[in-house]
Amino acid sequence: MADPSSELLAWFDRTGRDLPWRGTRDPYAIWVSEIMLQQTRVETVRPYYRRFLERFPTPEALAKAPIDEVLALWSGLGYYRRARLLHRAAGEVVAKGRFPTTAAELEELPGIGPYTAAAVASIAFDEAVAVLDGNVERVISRWIAFAEPPRAAAAKLRLREVAASLLDPERPGDSNQALMELGALVCRPRSPSCDACPLVASCAAYREGDPEAYPLPVEKRATERRRHLAVLVERKDEILLFRRSDDEDLLAGIWEIPWVRLRDDGATAELHLGTRYGGSWSLGETLRLVRHGITYRDIEVELRRGELSEAGELAEGAEAGWFRRDEIESLPTSSLLEKLLR
DNA sequence: AAACCGTGGGC
DNA sequence: TGCCCAAGGTT
């Protein structure tokens, strides 16, 4: 009874959180939760998950919805490509006529990689396949004092092997979730609570005395900062928005207020949103400039005083329109717009 | 393989 | 403030 696998599962049974996507065996619901949870915290996902499943309770409901409605429910969650791929994959499931039941089959769907395939297969279908997410990487790296950064494919393979050795074949879904839960609550990136850890007795990093030393750091690229200017343009009770082209890499198909890149000296240097704009808007409408800051990974958007002077036109694939605030809720938007209207 | 995609919380 | 980094996948 003192083997690590049993200790881990017993700990999970005792202290595991009661999350909305636990307590269901519906593979579709579990799938949706796993997509939303990609690189996204549990507390952020909660409200989105509830609304999304309420509106799209089945793959059929999701598949037949227009993509803009899917994106509207995803608005503010980030990584919008996830929503597009989920929508596309739902169409494939419906076309196929049945839900994929193995990790190998699941991984063929767009947006489902090794992690998500293993998570859905183990949780919904009891397939004894180990997940390797950021939590498991950290837990296992510490448990075996893994001496290389979890970057190369070979390193990940090794970590997954060890994770698999901790799997209870009778309860693979709970075993996987236990490892992730442990990483999220106890074996945290900083200040792990080794006192509360069910694996402490066999943890190599703990024995060495400095569990935080693992996993070994992955080299990170330098980030470039760019400054932008964003402007809220209003006329009466309407706001001017632009819909970014579906071909954009960043925020494809998302409605936003106009923002432009600034040169280092603060002058407008480059037009964003795939748009050109300027005098053509200023047809007597009120230009209201708002102060606000928002940061994408390496892009700072700053709302501040500015002059719009260049004449312009809409770029290929982009679209412009005036909307009342109550209409904007049903549009695909980003957090920039959501914060602005808050 | 490395770079890219959004956002928010924690320190 | 600035930086880390989160239930990753795609290219």
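Located above this text is the structure these notes cover.
All of these numbers come straight from a predicted model, not from anything done at the bench.

I keep staring at the overall build of chain A and nothing clicks. Help me out?
Across its full length, chain A holds 14 helices and ten strands. Looking at chain A residue by residue over its 342 residues, the buried ones come to 47%. Taking all contacts inside chain A whose residues are at least 6 apart in sequence as the whole, residues at least 24 apart take part in 68%. For chain A, the accessible area works out to roughly 17300 Å², and carbon and sulfur atoms hold 48% of it.

Sorry, what's going on with helix α3 (residues 42–55) here?
Quick reminder: α-helices carry 3.6 residues per turn. Residues three or four places apart thus point the same way. The end-to-end C-alpha distance of α3, which contains 14 residues, comes to 20 Å, matching closely the 20 Å that a straight helix rising 1.5 Å per residue would cover. Where α3 bends most, the angle comes to about 25°, and this point is Y48. Within α3 the residues assigned to the buried category are V42, V45, Y48, Y49, F52 and L53. Along its buried surface, α3 packs onto α2 (27–36), α4 (59–63), α5 (67–74), α6 (81–96) and α14 (335–341).

Hey, could you run me through the pairing of strand β3 (residues 238–243) in this one?
For a regular strand, side chains alternate in direction, first toward one face of the sheet and then toward the other. Among the six residues of β3, five are classified as buried, and the element is accordingly described as predominantly covered. When strand β2 (residues 232–235) meets β3, the two strands line up antiparallel, connected through two bridges. Within β3, the residue paired with R235 across the bridge is E238. Taken together, the six bridges between β3 and strand β10 (residues 319–324) define a ladder with antiparallel strand orientation. Bridged to R243 within β10 is E319. Sheet topology note: the β3/strand β4 (residues 255–256) ladder contains two bridges and is antiparallel. Counterpart to R243 in the pairing with β4 is W255.

Teacher, can you tell me more about the protein's contact with DNA strand C here?
Residues in contact with DNA strand C amount to 29 residues; listed here are only the nearest, L37, R81, G111, N135 and K220. Put simply, 62% of the atoms of DNA strand C that lie within 4 Å of the protein are in sugar or phosphate. Between R22 and DNA strand C, the recorded distance is 3.2 Å, taken from a side-chain N or O atom to a base nitrogen. At the level of elements, α6, α8 (114–125), α9 (134–143) and α11 (172–185) are the ones that each hand at least two residues to the surface near DNA strand C. Classifying every residue of the surface near DNA strand C gives eleven nonpolar, seven polar and eleven charged.

Looking at this structure, how should I read unusual backbone geometry?
Omega for the peptide link from Y214 to P215 comes to -5°, which places this bond in the cis form. Looking at the secondary structure, you find P215 in the loop between α12 (204–208) and β1 (226–230). One non-glycine residue, Y79, lies in the positive phi region at around 45°. With respect to the helices, strands and loops of the structure, Y79 is situated in the loop between α5 and α6. With a phi close to 50°, A145 is a non-glycine residue in the positive phi region. Here A145 shows up in the loop between α9 and α10 (153–165).

Please explain the nonpolar core as it appears in this structure.
For soluble globular proteins, nonpolar side chains are generally found buried alongside one another. Within the largest apolar cluster, 74 residues are counted, with the highest numbers of intra-cluster contacts made by Y28, W31, M36, F52 and W74. Here this core takes eight residues from α8, the largest share from any one element. Beyond its immediate chain neighbours, meaning those up to four positions away, Y28 contacts F52, L53, F56, P57, T58, P59, L62 and F99. Within the second largest apolar cluster, 13 residues are counted, among which are L232, I328, L336 and L337.

Sorry, what's going on with α2 here?
Taking burial as the measure, the ten residues of α2 include ten buried ones, the bulk of the element. Considering only its buried residues, α2 is in contact with α3, α4, α5, α6 and α8. With a side-chain oxygen positioned 3.0 Å from the backbone nitrogen of Y28, the residue opening α2 is D26.

I'm lost on the environment of Y214 in this one. Help?
Structurally, the position occupied by Y214 is in the loop between α12 and β1. The sequence separation of Y214 and F146 amounts to 68 residues, and the corresponding C-alpha distance is 7.3 Å. For Y214, the residues in contact, after removing those within four places along its chain, are S141, R142, A145, F146, A205 and E208.

How should I be thinking about the packing of aromatic side chains in this particular structure?
Two numbers describe a pair of aromatic rings. These are the distance of the centres and the angle of the planes. For the structure shown, the criterion picks out seven aromatic pairs. Both rings, one in W31 and one in F99, keep their centres 5.7 Å apart while their planes meet at 75°; by these two values the pair is edge-to-face. Placement of W31 in helix α2 and of F99 in the loop between α6 and α7 (103–106) is noted, with a sequence separation of 68 residues between them. Overall, W31 belongs to the buried group, its relative accessible area being 1%. Taking 5.8 Å as the distance between ring centres and 85° as the angle between the ring planes, the aromatic pair formed by F52 and W74 counts as edge-to-face. Here F52 is found in helix α3, whereas its partner W74 is found in helix α5, with 22 residues between them in sequence. By the burial criterion, F52 is buried, and W74 matches it. Through a chain of ring-to-ring contacts, the aromatic side chains of Y28, W31, F99 and F125 assemble into a single cluster.

Cut-offs used in this document
Residues numbered from 1 in each chain as written. Chains lettered and ligands numbered in written order. Predicted model: local features only at pLDDT ≥ 70, side-chain atom pairs only at ≥ 80, totals over all residues. Heavy atoms only, no water. Helix = DSSP H or I, 4+ residues; strand = E, 2+ residues; numbered from the N terminus. Buried < 20%, exposed > 50% of the residue type's maximum accessible area, 1.4 Å probe, protein only. Contact = heavy atoms within 4.5 Å. Areas by Shrake-Rupley, 256 points an atom, 1.4 Å probe, with all protein chains shown as cover. Expected span 1.5 Å × (residues − 1). Bend = angle between axes of the 7 residues up to and from the residue. Pairing = 2+ DSSP bridges. Near = heavy atom within 4 Å. Polar contact = N/O pair within 3.5 Å; in protein donor to acceptor, adjacent residues only side chain to side chain. Nonpolar A, V, L, I, M, F, W, Y, C, P; charged D, E, K, R; others polar. Core = buried A, V, L, I, M, F, W, Y, C linked by side-chain atoms within 4.5 Å. Phe/Tyr/Trp six-rings, centres within 6.5 Å; stacked < 30°, edge-to-face > 60°.

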